[in-house]
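Coordinate analysis (summary)
Chain by chain, the residues:
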Amino acid sequence: MRAEILTIGDELCRGEIVDTNSAYLAARLWDLDITTRWMTSCNDDVADMVDAMTRAVGRADVVVCSGGLGPTEDDLTVDVVSQLAGVEPVIDEPAKARMLERFGRLLAAGGVGNVEELTRIQLRQVRVPGGARVHANPVGLAPGFEVALRGVPVVCLPGVPRELYGIWDSGLGAHLAQLREARGDVERIARRIYRAFGRGESQISQACRGLVDDVAGASIHYQVKFPETLVKLVVRDRDQAAADARLAQLDEGVRARLAGIVYGTGDTETLVEKVTRRLIERGVTIAAAESCTGGMLGELLTRMPGSSKAFLGGVVAYADDVKVRQLGVAQATLAAHGAVSEQTAQEMALGARERFGSNLAVAITGIAGPGGGTPDKPVGTVWIALARRGSDDVTMKKLSWPGARDQIRLLSSWWALKLVDEQLDRENA
Ligand code: ATP
Ligand code: MG
């Protein structure tokens, strides 16, 4: 089943707002196994809207539109769709009743003009094309609706994202799933998302090469969400159990090939969330000693509610002098090896562990660029050290990844989290 998403609005076409509605709708449609084949945006202009809708119903099996359902003169969707369907706009009485009720409360609460004045303008946004199926808006005033144009269902939704999400969740999604089923010939989908960190997309895809080649209906997709990569495994079959079984079989293959790289599955838990959760669950405390990341690791480790149970604090030791005074790094170490070195990172981690009295301490020191690189320490050279209580054996990681400054800093912070995650695995073992 092929979908087209049509987003309407001058602001979109001027680049003043980013079209997040298309991304949301495409993801939700994909969940229903409806493939978005086209995404179109056009201005609040009758001729352009007629043109865009006519094209859309000429090639897609379902069209989902957003925008232009408000009360103002530039909100034209109801008029354009009515014109194309050869009907007149009518008032949607339930939506009108909700609107009057809301304005009644506003007036009672003390004074926005008079109700006639208000409703004359506002009535525009509770109109729908005559005969349309209404998709009620649980969040705002303008209802969504659906008409068939040349036999193709065209669904129109408000542009305001939270209203669009509200209409989807309160029944539109289920309705479109039914439309999908009613077409028959439905394929079932089994899918799993793996979250991978520690190798680049090309290495990850290389590692999975050939994995799905001989498996019927199976495909694998990669999405970079820097600094991690999402690996999406999909199996299609008429029979859900058969799809699930082949997915389970492939699951072993993915995990074996990406051992040490896949840290989780699903949409819910990122590496930051996983590490924080595990620290809290285990009652393990942690401190940070950061140079080139300037506190970013501390920021990540304080994102989750409850993180105070794990994160004790950190030092942003940017200058050499601060590394010495606040973390006890030896002058001699800095003189002999430099601030970006295995030895300095190690002493930073040990110093943080002592001064904060934590179970774990992570240190990061590196050259984020774009300047400051040398032939033996080019931009992207970062040392990360993880010290733990009761041992002077410090886990070290050296990065050499010549990216942009922001990316190097983010990557370094994530690697610090990864060292912690791996340490928690070892303690578990
Ligand atoms: P309104 O009652 O606010 O006029 P509407 O249904 O007419 O609602 P628009 O006027 O097109 O919708 O957009 C209202 C607001 O919703 C925009 O100012 C913008 O902030 C947001 N919006 C509209 N379209 C999109 C989109 N495609 N992606 C993300 N946000 C959007
Ligand atoms: Mg509008």
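Parameters and conventions
- Residues numbered from 1 in each chain as written.
- Chains lettered and ligands numbered in written order.
- Predicted model: local features only at pLDDT ≥ 70, side-chain atom pairs only at ≥ 80, totals over all residues.
- Heavy atoms only, no water.
- Helix = DSSP H or I, 4+ residues; strand = E, 2+ residues; numbered from the N terminus.
- Expected span 1.5 Å × (residues − 1).
- Buried < 20%, exposed > 50% of the residue type's maximum accessible area, 1.4 Å probe, protein only.
- Contact = heavy atoms within 4.5 Å.
- Polar contact = N/O pair within 3.5 Å; in protein donor to acceptor, adjacent residues only side chain to side chain.
- Pairing = 2+ DSSP bridges.
- Salt bridge = Lys/Arg side-chain N within 4 Å of Asp/Glu carboxyl O.
- Axes fitted to C-alpha atoms, helices over the stretch in contact; angles between N-to-C directions.

In an α-helix, one turn spans 3.6 residues; hence positions three or four apart end up facing the same way. With 15 residues, helix 14 (residues 342-356) extends 21 Å between its outermost C-alpha atoms, agreeing within 8% with the 21 Å of an ideal straight helix rising 1.5 Å per residue. Among the residues of helix 14, those classed as buried are Thr344, Ala345, Met348, Ala349, Gly351, Ala352 and Arg353. Considering only its buried residues, helix 14 is in contact with strand 13 (286-290), helix 12 (320-327), helix 13 (331-337), strand 15 (360-366), strand 16 (381-388) and strand 17 (391-400). A positive phi of about 65 degrees marks Gly357, the residue just after helix 14.

We now examine the side chain of Arg195. Along the chain, Arg195 turns up in strand 9 (residues 188-196). Among the polar contacts listed, one links the side chain of Arg195 to the side chain of Glu228, at a separation of 2.9 Å.

Of all the five residues making up strand 3 (residues 62-66), five are buried; the element is thus mostly covered by neighbouring parts of the structure. Residues Val62, Val64 and Ser66 of strand 3 are buried on one face, and the alternating residues Val63 and Cys65, pointing to the opposite face, are buried as well. Two strands pair when backbone bridges link them, and strand 1 (residues 2-8) and strand 3 are joined in this way by five bridges, in the parallel orientation. Bridged to Ala3 within strand 3 is Val62. As judged from the four bridges shared by strand 3 and strand 8 (residues 152-157), these two strands associate in the parallel manner.

Before going further, it helps to spend a moment on the pattern of salt bridges. As enumerated under the stated definition, the model contains 27 salt bridges in all. Of the charged contacts in the structure, one is a salt bridge between Asp33 and Arg180, with a shortest N-O distance of 3.2 Å. Here Asp33, found in the loop between helix 2 (20-31) and strand 2 (35-42), pairs with Arg180, found in helix 7 (residues 161-182); they are 147 residues apart in sequence, far enough to count as distant. Taken as a pair, Asp33 and Arg180 share a single burial class, namely buried. Where Glu354 meets Arg353, a salt bridge forms, and the shortest distance between an N and an O atom there is 2.6 Å. Judged by its relative accessible area of 11%, Arg353 falls in the buried class. If you follow the salt bridges from partner to partner, you end up with Asp33, Arg180, Glu187 and Arg236 in one network.

As summarised here, the arrangement of the five strands in space is 14-13-15-16-17, forming an open sheet in which the pairing is mixed. Of all strands in the sheet, those with a lone pairing partner are strand 14 (311-316) and strand 17, marking the two edges. On average, each strand axis in the sheet is inclined to that of its neighbour by 15 degrees, with strand direction left out of account. Taken together, the seven bridges between strand 16 and strand 17 define a ladder with antiparallel strand orientation. Its bridge partner lying in strand 17, Ile384 is registered against Lys397.

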